[in-house]
Amino acid sequence: MSSSDIFIGETIGTAILILLGGGVCAAVTLKASKARNAGWLAITFGWGFAVLTAVYTSAPLSGAHLNPAVTLALAIKDKDFSNLPTYWGGQLLGAMIGATLVWLAYYGQFHAHLTDKEIVGGPGAQATAAKAVEAQEKGAGPVLGVFSTGPEIRNVVQNLATEIIGTVVLVLAVLTQGLNDKGNGLGTLGALITSLVVVGIGLSLGGPTGYAINPARDLGPRLVHALLPLPNKGGSDWSYAWIPVVGPLIGAAIAAGIYNVAFA
């Protein structure tokens, strides 16, 4: 794979991943969405299908890493870090493009949600569940959850551990079951296995932090949230932003080490 193929493939694939994954979060969260309040099952399966679609689309070009943690783990496994910047650059750019497309697709819903006094507050507004969540997630605006993750309980050790554990599960599944014959990306059957693993992680381990398990998935959309001209959007919660970046990278390194010792 050439550097241009890698960059283009990761950009396209990660954009699709975030468009569909962020899209299901928007569908469940925003007012005037037909899927509003569809719940956690809709979100977890939506993200699983997002992974499936993105992998099948980008695998012929880049091997469909779509996740800096997966790229790091493969680099450690193969002891080859030469393509790391290319993969990571494409993944971050793709995540930002995908998040922007979610905003365009739900433009009217974002406006309706963020101008509703019951959501953003104002004279005469009543307390709502959305405001309670906003108060709990210090520094997080009322639609930040469409773009990036946040903890239900703020505890640095727990939040970091949750992201590490979830990523270890994901990366071990990729390394042991998901790779193509060349071992440099996801294969056809591996894409299906990985998407189901993502659903499983969301159902079992997603409750505490929203299961980023992917630094680009969280950082790229968070940057877009900070830049978009959304009314009453609130903060981007930068004090928490390092956890869904550092946690998955640590988890990837641990998983790669386990693989090299136990499976290689």
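Residues numbered from 1 in each chain as written. Predicted model: local features only at pLDDT ≥ 70, side-chain atom pairs only at ≥ 80, totals over all residues. Heavy atoms only, no water.

### Things to note about the nonpolar core
In a soluble, globular protein the nonpolar side chains are often hidden away together inside.
Inference 1: Of all hydrophobic cores here, the largest spans 59 residues; its most connected members are Leu17, Trp47, Phe110, Phe147 and Leu230.
Inference 2: When residues of this core are assigned to their parent elements, the largest contribution, nine residues, is made by helix 9 (residues 156-178).
Inference 3: The residues contacting leucine 17, other than those within four sequence positions of it, are Gly22, Trp47, Ala50, Val51, Ala54, Leu66 and Asn214. (Core = buried A, V, L, I, M, F, W, Y, C linked by side-chain atoms within 4.5 Å. Buried < 20%, exposed > 50% of the residue type's maximum accessible area, 1.4 Å probe, protein only. Helix = DSSP H or I, 4+ residues; strand = E, 2+ residues; numbered from the N terminus. Contact = heavy atoms within 4.5 Å.)

### As for the confidence of the model for the chain
Inference 1: Averaged over all residues, the pLDDT of the chain is 93; the fraction at 70 or higher stands at 94%.
Inference 2: Predicted confidence for residues 132-136 stays below pLDDT 50, and this span has five contacts to residues more than four positions away or in other chains. (pLDDT = per-residue confidence, 0-100.)

### Considerations on empty space enclosed by the protein
Inference 1: In total, this model carries one cavity of 30 Å³ or more according to the counting rule given.
Inference 2: Taken as a whole, the largest cavity encloses approximately 40 Å³ of empty space.
Inference 3: Lining the largest cavity we find Ile18, Gly22, Trp47, Ala99, Val102, Val146, Phe147, Arg217 and Pro221.
Inference 4: Elements supplying a minimum of two residues to the lining of the largest cavity: helix 1 (3-29), helix 4 (84-105), helix 8 (144-147) and helix 11 (215-227). (1 Å grid on protein atoms, 1.4 Å probe; cavity = no way out; pocket = protein on both sides within 12 Å on 5 of 7 lines; lining within 4 Å. Points joined across faces, edges and corners; volume = space filled by probe spheres on them.)

### Notes on helix 4
Inference 1: Here helix 4 spans 31 Å end to end across 22 residues, near enough to the 32 Å set by a 1.5 Å rise per residue.
Inference 2: Those residues of helix 4 that fall on the buried side of the exposure criterion are Leu84, Thr86, Tyr87, Gly90, Gln91, Gly94, Ala95, Gly98, Ala99, Val102 and Trp103.
Inference 3: Of the surrounding secondary structure, the elements contacted by the buried residues of helix 4 are helix 1, helix 2 (40-62), helix 3 (68-78), helix 5 (107-114), helix 8 and helix 11. (Expected span 1.5 Å × (residues − 1).)

### Overview of the pattern of salt bridges
Inference 1: This model, assessed by the stated rule, comprises four salt bridges.
Inference 2: Among the salt bridges present, the one from lysine 31 reaches aspartate 116, with a minimum N-O distance of 3.4 Å. Here aspartate 116 lies in the loop between helix 5 and helix 6 (117-120) and lysine 31 lies in the loop between helix 1 and helix 2, a separation of 85 residues in the sequence.
Inference 3: Note on aspartate 116: relative accessible area 19%, which makes it buried.
Inference 4: In this structure, arginine 222 engages aspartate 218 in a salt bridge whose closest nitrogen and oxygen atoms are separated by 2.7 Å. Residue arginine 222 and its partner aspartate 218 are located together in helix 11, separated by four residues, close to a single helical turn.
Inference 5: In this structure arginine 222 comes out as buried when scored by relative accessible area, which is 0%. (Salt bridge = Lys/Arg side-chain N within 4 Å of Asp/Glu carboxyl O.)

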